[in-house]
Structure formats: structure tokens, C-alpha cells
Amino acid sequence: MTNKPIIKVENLVKKFGNFVANDHLNFEVYEGEIFGFLGANGAGKTTAIRILCGLSTPTSGNLNVAGFDIYKQTELIKRNIGYMSQKFSLYENLTLKENIRFYAGIYGLSSKEINKRMDNLLETLKIGDLRDKLIGSLPLGWKQKLAFSVAIFHRPRIVFLDEPTGGVDPITRRQFWDLIYQAANDGITIFVTTHYMDEAEYCDRVSIMVDGRIEALDTPAGLKKTYKVSNMDEVFLKLARAS
Amino acid sequence: MKQFLGFIKKEFYHIFRDPRTLLVLFGIPVAQLLIFGYVVTTEVKNISVAILDRSKDDVTREITQKIIESDYFTLTQNLQSDTQIEEVFKTGNIKEVIVFEPNFAQKLGRDGTAQIQLIADASDANTANLIVNYTSAIISDYVQKQNKLQLMPMQIKPEVRMVFNESLQSVYMFVPGTMALILMLVSAMMTSISIAREKELGTMEVLLVSPLKPAQIIIGKVIPYVALAFINAVTIIVLGNLIFGMPVNGSLTLLLAESLLFISLALSLGILISTIAKTQQVAMFISLFALMLPTIMLSGFIFPIENMPVVLQMISHIMPPKYFIIIIKNIMIKGTGFGFVWKETLVLIAMMMVFILLSVKKFKIRLQ
């Protein structure tokens, strides 16, 4: 992890009619870090993540993702990011191999490169025998892990994870975070939203959003110290109640 | 381009691995063609009739013979009295009773006039009308032949000719209609459902985050359906010809080109529907009710537009299938060339442009 910012957000405002979903957000995400983006339902997390991914345009503000301007260089940003939504995003009636080939293909990877990386991936996860299985026939835990592996298959500089572990059992969640650490080790910046406060502890830094504003941004240890509590759960409750 | 081909390949995997999709794509068109072919028919054949002959002379026997000899009627019962008439209508499947008055031949010879009463079961009004017309025609034919022997003082004889469909076959009506219906359904419904499915599953977002452009995603999704709908169009033309004897009197190339235009229009409509519908169910619902019913009712497929109330006539003008049916009827039946259908073709092109523009606009709003 370096202190070089890879995402720069200045005064991000997003309005839907009169409703302000993102109210002057300011933050930076450093290259290689795991950045937790926390907040209650409806606090504006998904809106912000959608803007950073280019799925939505901001009302105003200066945004820079992976060194590119979000208004003018959307195409370049898209080549450098990965995205995994809270909805499971592999195709159920395609096999694992076909899913990988498809997603890697739309990022323009060559067949040779795809095969090489696929062999690597299957070996690392020890799932060579799942290669020709339809995704629909796999257990949810595996699907989730595979969706993540596919989201970083084209080796993006940043991967955005929007509540990636929703509806998954604790063991699988733990395994999922092992994959996240692995990716972070490989130099991929992780931008993750979550509901689970234990997961917040795994992040290098977390921001907490309340009603469209970022109320706190620090390391988990720093936040606990500031609010004089023993865990992230209490930090979150203190901030959310204060509003 | 390679990315794009990969995308189309993926679409085909979806289609060929989903039995329901396959059924809708290939089962329904054939089934519908056959169903419409055998059900939507304005011809009557082998209608059961009963005869109450109160005279039983040579003339009545001859007329009866003529009626039975035609393909249209089967003599099911000979009645003996008036009271039986109501009974046979209620119990049997008899559609018409023919009553000769007493002393038929005698009266005809003496007064030059005799009465036949035709009583038809009008619980199905159209059929009743047809049956009565056929029977009258057979009877007057008989009378005319008899009259040839004598000289008539004056006679006007209209000679009727039904051009383009000499024998008034109903295939001429339903093959173009079925084709419009099926292309509309397959193209618009299947694309709107398949795009809505990606939205519902969340894969659409992943695609939008990828370097693929929105236009590429949409085009990649519709191309497989263009191909499949085109196969359907060819299937209908071939089946219509082989099974029902529907001719293609005009240029086959023009017919296929116009079909391709209509398919593209239906696809653009499907895309528009998918920008509104968030789930597959909604997409299917809109497609069925907004497309299928108007295509059947208001396009001139089954019911003549000229007979509709003015309001419905105006609505029928904005129904794309109406123009397509006019075009293909012209090409298939009348054998006319592009010179006679260019206006309708332009209307279809214009409608397609409108749908595409609306979809692009809707799509952008959604991204905001």
C-alpha cells in the first residue's frame, strides 16, 4: 500500500430531483489499499459506487478514477476497473469456462492469455473439475467466489465490490475475504461496501456514510479510538444515532 | 469485433440451453401456423342438413340430390313433420333444415313458383349466412338450368369474379397475418425478455461497467434474434406453401427483405419495451398485451379495418403489423413489386426510427 491516491473525489454531489443522495463527498482512496465504504441502507453508498464505475453521472464535483477524469475519460476508466454487484453476476446457464471466456473476452484478452490465466485460477482455487460445470449447478458460496475471481480476471487496477457477501454463510465470507486479501497483495485496490461490521475490521481504512454525507474516515483502529469504543459495531451505531 | 462475436456466441448459448426459449422460438410459430390454418377458415364443408320434403316428387328429389352432391352438405336426416325441426336443431349438430312445400312440382308447373324454406342455426351467425348463401346458389343454379329450355323475356346475369383469390381461400388471409403475429412476438417479446433478464440478474450492470458500449450490448443482444426470426419467416413461407398452398406470386427477395425490415422494427420495439420493463414478467406482459392482441384484432389480420368504428380505425393506423400485412399480401397474392408497396415500407421505416430514437433517449435517462 502506498499513499498515492488512485481515486480522488472532490465535492461529489448527486441529486435525484430534490433528494440529495450524495452531499459534497470528499475522499481519496490509496493505491493497493482495501477501502471500506460503510453506511446504513439508503445512506448513498450504492449511488456513489455507481458514479465511480460510470453507471451514473454526478450532478457536480471533480472525480478522478485510476488517473482518469470521470467526465471525459469514461472508456479508459472502464478498462481499468472491475465491478461486482450485490446481485450475483455470472450466467447460470453458461459453464465456468464459458463465463470466464465471455467476460475476459469483452475486456479484449487474447484466447491464449485467457487460457493461461484460467488454468492458473482453477489451480489456485483447486477447482479444475468445475471447469465444464454449469454455474447454475454450483453452491452459492462458490458462485460468489467465482464472481469475484471473474471480476478481477482482467487484472483491473481497482475493483468495486457492492455488498459482495450478502446472503453468504460466515465460513464462506471468511474465504471470500481471503480472496480479497490475495487480490490486494497482487496490487489491486479494493473498494468495498458492506453491512457487516466484522468485515469493516478487515479494511485498511473505512468511511462511514450517514444520510448522504461521509461522517467519518479513518483506519478501524483510529475510529475506535476517536469514538472511545471497543468495536466497529459501536462506532457505526454512535454515528448513525447521532444523526 | 472479437469482443462482439463473443457476446453473440454467449447469446446463442442462452437460447439453445433454455428449453422454454426454444419452444417459444420454434414450437409456437409452427403450432400457430397450423392452428390458424385449420381454425381460421371461412369455408364450410360437410355441413349436416336435414330435409323435410312434404312433396316427395321428382323436382324436390332432384334438388335434394344436387345439394347432397355438392361438397358442402351432408344429408343427415329426413324429417317427417314440422315438430321435428326444433328438435333436430337442439339435439343434433344439424345446421340447416330445408323444407319443400307440399305439391312442389305441381305448383311449379302450374303457377311458375314454388317455395323452399331454408331454416339455419344462427347461433353462429357467420356460418348460418354462408350455409344459406350456398344453398340458395345451388337452388338458383338448378332453376336456371331448367329455364334454359324455355325463353325468358328478360334476364340480367351478373358474372362475378374474385380476382387474386378466385376460390376465396382463407389461407390468403391467415398466412400473412400469422407471419406478422409471429415475427412480432418472437422478435419483440424475446428481445425484451432477454434484455430484462440481464437487468433482473444484475449482469447488465456488469456489462455496462465493461468497455463494451451500450449500443454494442443492445445490438449484440438482438442479432441472434434477427437470425432466428428470419428463419421463422422462411419456415412460415415454406409451410404455408407446402401445407396450405399459399403462393408467392411476387419477388421472393422483396418478400424476405420486407420481412427483415419488419423484424428489425419489432426488435426495436422490443428494445423500447425492455427499457421500460424491469423484470422478465413485466416485459412478457407488455409484449403480450400491447403487441399480440392489437396484432390480431386491429391489423386487419382477421377483422376488416374498414368495418371498425372510426376510433379503432385510427388506432389501427399506428399498428405496424397492418402495413406489413398489406405489403406481404401485395407481394404474395397480387405479385406486385416494390413500386406498389413503397409507401407502406416507408411507414415501417419511419416507425422503426421512432422506436430506436425513443429507446436511445430512455436508455440515457436510465443511466443518469
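Residues numbered from 1 in each chain as written. Chains lettered and ligands numbered in written order. Predicted model: local features only at pLDDT ≥ 70, side-chain atom pairs only at ≥ 80, totals over all residues. Heavy atoms only, no water.

**So, the overall build of chain A**
And step 1. What chain A contains, in helices and strands, is 9 helices and 10 strands.
And step 2. Expected size for 243 residues packed as a compact globule is a radius of gyration near 18 Å; at 18 Å, chain A falls within 12% of this value.
And step 3. The principal-axis extent of the C-alpha atoms belonging to chain A is close to 50 × 40 × 35 Å.
And step 4. Going through the 243 residues of chain A one by one, you find that 54% of them count as buried.
And step 5. Restricting the contact set of chain A to residue pairs at least 6 apart, pairs at least 24 apart contribute 67%.
And step 6. Within the structure as shown, chain A displays about 10,700 Å² of accessible surface, and the carbon and sulfur contribution to it stands at 49%. (Helix = DSSP H or I, 4+ residues; strand = E, 2+ residues; numbered from the N terminus. Rg over C-alpha atoms; globule rule 2.2 N^0.38 Å. Buried < 20%, exposed > 50% of the residue type's maximum accessible area, 1.4 Å probe, protein only. Contact = heavy atoms within 4.5 Å. Areas by Shrake-Rupley, 256 points an atom, 1.4 Å probe, with all protein chains shown as cover.)

**A look at the overall build of chain B**
And step 1. A tally of helices and strands in chain B yields 14 helices and 4 strands.
And step 2. The C-alpha atoms of chain B give a radius of gyration of 28 Å, which is well past the 21 Å a tight globule of 368 residues would have.
And step 3. Taken across its 368 residues, chain B has 45% of its residues classed as buried.
And step 4. For chain B, the computed accessible surface area is about 19,100 Å², with 64% contributed by carbon and sulfur atoms.
And step 5. Both charge centroids of chain B, one from 31 positive and one from 26 negative side chains, sit 16 Å from each other. (Lys, Arg positive; Asp, Glu negative; His and termini not counted. Charge placed at Lys NZ, Arg CZ, Asp CG, Glu CD.)

**Observations regarding the interface of chain B and chain A**
And step 1. Residue-level contacts link 24 residues of chain B with 32 residues of chain A.
And step 2. Summing both sides of the interface, chain B and chain A together bury roughly 2,500 Å²; the carbon and sulfur share of this comes to 57%.
And step 3. Area buried by chain B at its contact with chain A is led by Arg17, Val209 and Pro211 of chain B, which between them contribute 25% of it.
And step 4. At the junction of chain B with chain A, the criterion picks out 2 salt bridges.
And step 5. Note that Arg50 of chain A is salt-bridged to Glu205 of chain B, the shortest N-O span being 2.2 Å.
And step 6. Across the chain B-chain A interface, the total number found is 8 residue pairs in polar contact (both at pLDDT 80 or more).
And step 7. Elements represented by at least two residues in the side of chain B that touches chain A include exactly helix H1 (2-17), helix H7 (171-201) and helix H8 (203-209) of chain B.
And step 8. Element by element, the count of residues in the side of chain B that touches chain A is highest for H1 of chain B, at 8 residues.
And step 9. For the side of chain B that touches chain A, the class distribution of residues is 10 nonpolar, 7 polar and 7 charged. (Buried area = accessible area lost by both parts, 1.4 Å probe. Salt bridge = Lys/Arg side-chain N within 4 Å of Asp/Glu carboxyl O. Polar contact = N/O pair within 3.5 Å; in protein donor to acceptor, adjacent residues only side chain to side chain. Nonpolar A, V, L, I, M, F, W, Y, C, P; charged D, E, K, R; others polar.)

**Some words on the packing of helix H10 (residues 252-276) of chain B against helix H13 (residues 320-334) of chain B**
Residue and element names in this part refer to chain B.
And step 1. Two elements in contact, H10 and H13, have axes separated by 10 Å at closest approach and are oriented at 170 degrees. Considering their axes alone, H10 and H13 lie roughly antiparallel with respect to each other. On the side of H10, the interface is formed by Leu254, Leu255, Glu258, Ser259, Phe262 and Leu265, while H13 contributes Pro320, Pro321, Phe324, Ile327, Ile328, Ile331 and Met332.
And step 2. Partitioned by chemical class, the residues of the contact of H10 with H13 number 11 nonpolar, 1 polar and 1 charged. (Axes fitted to C-alpha atoms, helices over the stretch in contact; angles between N-to-C directions. Parallel < 35°, antiparallel > 145°, perpendicular 65-115°, else oblique.)

**Some words on the side chain of Glu163 of chain A**
And step 1. Along the chain, Glu163 of chain A falls in the loop between strand E7 (158-162) and helix H6 (170-185).
And step 2. In this structure Glu163 of chain A touches Lys45, Gln86, Thr193, Thr194 and His195 of chain A, once residues within four positions along its chain are discounted.

**Brief notes about the domain arrangement of chain B**
And step 1. What the domain assignment reports for chain B is domain 1 (47-163) and domain 2 (171-362).
And step 2. When each unit is reduced to the centre of its C-alpha atoms, the spacing between domain 1 of chain B and domain 2 of chain B is 47 Å. (Domains from an automatic or database assignment.)

**What about the side chain of Thr172 of chain A?**
Residue and element names in this part refer to chain A.
And step 1. Summarising the element assignment, Thr172 is placed in helix H6.
And step 2. Overall, Thr172 belongs to the buried group, its relative accessible area being 8%.
And step 3. Beyond its immediate sequence surroundings of up to four residues, Thr172 is in contact with Gly141 and Lys145.

**Focus on the sheet that holds strand E5 (residues 68-69) of chain A**
All names here are of chain A.
And step 1. Pairing in this open sheet of 4 strands is antiparallel, and the strands run E2-E1-E4-E5 from one edge to the other. Two strands bound the open sheet, and with one partner strand each, they are strand E2 (19-30) and E5.
And step 2. As paired strands, strand E1 (residues 5-16) and strand E4 (residues 60-65) are joined by 5 bridges and run antiparallel to one another. Bridge pairing links Glu10 to Asn62 in E4. (Pairing = 2+ DSSP bridges.)

**Structural notes on helix H2 (residues 19-39) of chain B**
All names here are of chain B.
And step 1. For H2, the principal kink sits at Gly27 and spans about 40 degrees; a proline, Pro29, occurs within the next four residues.
And step 2. Listing the buried residues of H2 in full gives Thr21, Leu25, Pro29, Gln32, Leu33, Phe36 and Gly37.
And step 3. Buried residues along H2 sit in contact with H1, H7, helix H9 (214-244) and helix H11 (280-298). (Bend = angle between axes of the 7 residues up to and from the residue.)

**Here we look at unusual backbone geometry**
And step 1. For Lys126 of chain A, which is not glycine, the phi dihedral falls at a positive 55 degrees.
And step 2. Within the secondary structure, Lys126 of chain A is located in the loop between helix H4 (111-125) and helix H5 (140-151).
And step 3. Despite not being glycine, Asn103 of chain B shows a phi value in the positive range, around 55 degrees.
And step 4. Following the sequence through the fold, Asn103 of chain B ends up in the loop between strand E3 (96-100) and helix H5 (104-111).
And step 5. Given the relative accessible area of 43%, Asn103 of chain B is considered partly exposed.

**A closer look at the pairing of E3 of chain B**
Residue and element names in this part refer to chain B.
And step 1. With respect to burial, E3 is a largely interior element, 5 of its 5 residues being buried.
And step 2. Burial along E3 is two-sided: the face carrying Glu96, Ile98 and Phe100 and the face carrying Val97 and Val99 are both buried.
And step 3. Across 5 bridges, strand E1 (residues 47-53) lies against E3 in parallel orientation. By the bridge assignment, Leu52 is partnered in E3 with Val99.
And step 4. The pairing of E3 with strand E4 (residues 116-120) spans 5 bridges and is classified as antiparallel.

**Remarks on helix H9 (residues 232-242) of chain A**
Residues and elements named next belong to chain A.
And step 1. Taken together, the buried positions of H9 are Met232, Val235, Phe236 and Leu239. Buried residues of H9 fall within an arc of 95 degrees about the axis and therefore sit on the same side.
And step 2. Each element contacted by the buried residues of H9 is listed here: strand E3 (34-39), helix H7 (197-201), strand E9 (205-210), strand E10 (213-218) and helix H8 (220-226). (Arc of directions from axis to C-beta.)

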